[in-house]
Amino acid sequence: MDKFSAMAVLLKVVEAGTLSAAAKQMNVPLATVSRRIAELEAHLKTRMLNRSSRHLSLTEAGRLYVEASRRILEQVEEAERTAMGVHSDPKGRLTVTAPVVFGRLHMVPIIAGFLAAYPDIDVKLVLADRLLDLLESDVDVALRIGELDDSSLIASSVGAVRRVTCASPSYLAAHGRPQRPEELRGHVGVTFDNLASPEAWRFASPDGDVLVPIHSRLTVTTAEAAIAGAIAGLGLTRVLSYQITEARRAGQLELVLEDHELPAWPVSLVYAGQQLLPRKLRAFLDYAAPRLRERLREETAAFQSEGWC
């Protein structure tokens, strides 16, 4: 079985929506397309497609195989163009992941400009407040916030963001504004469990970091939910500086304990190390990195001008 040919046929079937439509687009008999899919499923010992009288859908195994096949065929095509010395604009599908709020505020505007500059590249943006494994999730590049573990991944620094504590004006009016971390024992919290423990929060002090118990009346799994809870007056919350830009400007949240913030976290674009970097990925890195640096610099400058630093 010609594996590359089978991959190409499967991708065409998925894009066309039916076997017959794929056969028509490739100008081959329907029986040929059906046989290629059957041979592929027999070779892999698993079903790629769920078939019905009206439409086709991918199985989970089929979805994973299609994503991998698309990447492999793009790399083969790019390697052939490079070997022949053929110049062409970057093209293909690029998968990017970023935290939810950062993605909405910063990545979407940058990707919009990138798509306009590179009409032959399509982007899938996966927003998630959890770390996705680049290889297992078939991700080309990830926006990571925080210290990076040593690995085979390559990181390009684009700035830093602060870890801040804040609350609504109504909460602070009712419960007082804490001046020292130890005073949190008299307060309640809304904890984003991806950033802090619901039992204790860490702060900086002249004698080193201190861990202060906190009563988390609400624990959530996204920063947006934590911010909404804090705006509703449910308690103090800990999030990243960019995540409260809109609420801060609207007067819905105020910072506390600024003198006890932990060091800012680095922001990086991370991708898998490889000798031949796909042109679509290189184009994205060259486009996105300087624009991210500028956006984060502007955000920091805005905080400074408004007395936040």
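Residues numbered from 1 in each chain as written. Predicted model: local features only at pLDDT ≥ 70, side-chain atom pairs only at ≥ 80, totals over all residues. Heavy atoms only, no water.

Strand direction decides the pairing type here: strand 9 (residues 200-203) and strand 10 (residues 210-213), joined by four bridges, are antiparallel. Within the sheet, the bridge partner assigned to Ala200 lies in strand 10 and is Pro213. The loop that links strand 9 with its antiparallel partner strand 10 comprises six residues; one of these, Gly208, has a positive phi angle of about 115 degrees. (Pairing = 2+ DSSP bridges. Helix = DSSP H or I, 4+ residues; strand = E, 2+ residues; numbered from the N terminus.)

Predicted coordinates in regions of low pLDDT should not be interpreted in detail. Put simply, the protein chain has an average pLDDT of 87, and 92% of its residues get 70 or more. Ranking the helices and strands of the protein chain by mean pLDDT puts helix 6 (residues 169-175) first, with 96, and helix 4 (residues 60-84) last, with 76. (pLDDT = per-residue confidence, 0-100.)

By size, the foremost hydrophobic cluster in this structure holds 46 residues, and its most contacted members are Phe102, Met107, Leu143, Ile145, Leu269 and Phe284. Considering every element that reaches this core, the biggest residue donor is helix 9 (residues 279-305), with nine residues. What Met107 contacts, discounting residues up to four positions off in sequence, is Val96, Ala98, Phe102, Leu143, Phe284 and Leu292. Val13, Ala22, Ala23 and Val66 belong to the second-largest nonpolar core, a separate cluster that totals 16 residues. (Core = buried A, V, L, I, M, F, W, Y, C linked by side-chain atoms within 4.5 Å. Buried < 20%, exposed > 50% of the residue type's maximum accessible area, 1.4 Å probe, protein only. Contact = heavy atoms within 4.5 Å.)

Bringing the sheet that holds strand 12 (residues 236-240) into the picture now. Taken in spatial order, the five strands line up as 11-8-12-7-13 in an open sheet, and their pairing is mixed. Each edge of the open sheet carries a strand with a single partner, namely strand 11 (215-220) and strand 13 (254-256). Pairs of neighbouring strands in the sheet enclose a mean axial angle of 40 degrees, with direction left out of account. Relative to strand 12, strand 8 (residues 188-192) runs parallel, the two being bridged by two bridges. Bridging from a neighbouring strand, Val190 pairs with Thr237 of strand 12. Set on the sheet, helix 7 (residues 223-231) makes contact with strand 8, strand 11 and strand 12; between it and strand 8 the angle comes to about 160 degrees. (Axes fitted to C-alpha atoms, helices over the stretch in contact; angles between N-to-C directions.)

One pass over the structure, following the stated rule, counts 12 salt bridges. Across the pair Arg93 and Glu67 runs a salt bridge, and its minimum N-O distance is 3.1 Å. Of this pair, Arg93 sits in strand 3 (residues 92-98) while Glu67 sits in helix 4, placing them 26 residues apart in sequence. On the accessibility criterion, Arg93 (26% relative accessible area) is partly exposed. Residue Glu67 is classed as buried on the basis of its relative accessible area of 14%. Note that Glu224 and Arg104 form a salt bridge whose closest N and O atoms lie 3.4 Å from each other. With Glu224 in helix 7 and Arg104 in helix 5 (residues 100-117), this residue pair connects regions lying 120 residues apart in the sequence. Because the salt bridges share partners, they merge into one network encompassing Arg104, Glu224 and Glu246. (Salt bridge = Lys/Arg side-chain N within 4 Å of Asp/Glu carboxyl O.)

All told, the structure shown has four aromatic pairs when counted by the stated rule. Ring geometry for Phe114 against Tyr118: centres 4.9 Å apart, planes inclined by 35 degrees, an arrangement best described as tilted. Phe114 sits in the buried class, given a relative accessible area of 0%. Taking relative accessible area as the criterion, Tyr118 reaches 23% and is therefore assigned partly exposed. Residues Phe114 and Phe284 carry aromatic rings whose centres are separated by 5.2 Å and whose planes lie at 85 degrees to one another, so their mutual orientation is edge-to-face. Here Phe284 lies in helix 9 and Phe114 lies in helix 5, a separation of 170 residues in the sequence. Residue Phe114 shares its accessibility class with Phe284, and that shared class is buried. (Phe/Tyr/Trp six-rings, centres within 6.5 Å; stacked < 30°, edge-to-face > 60°.)

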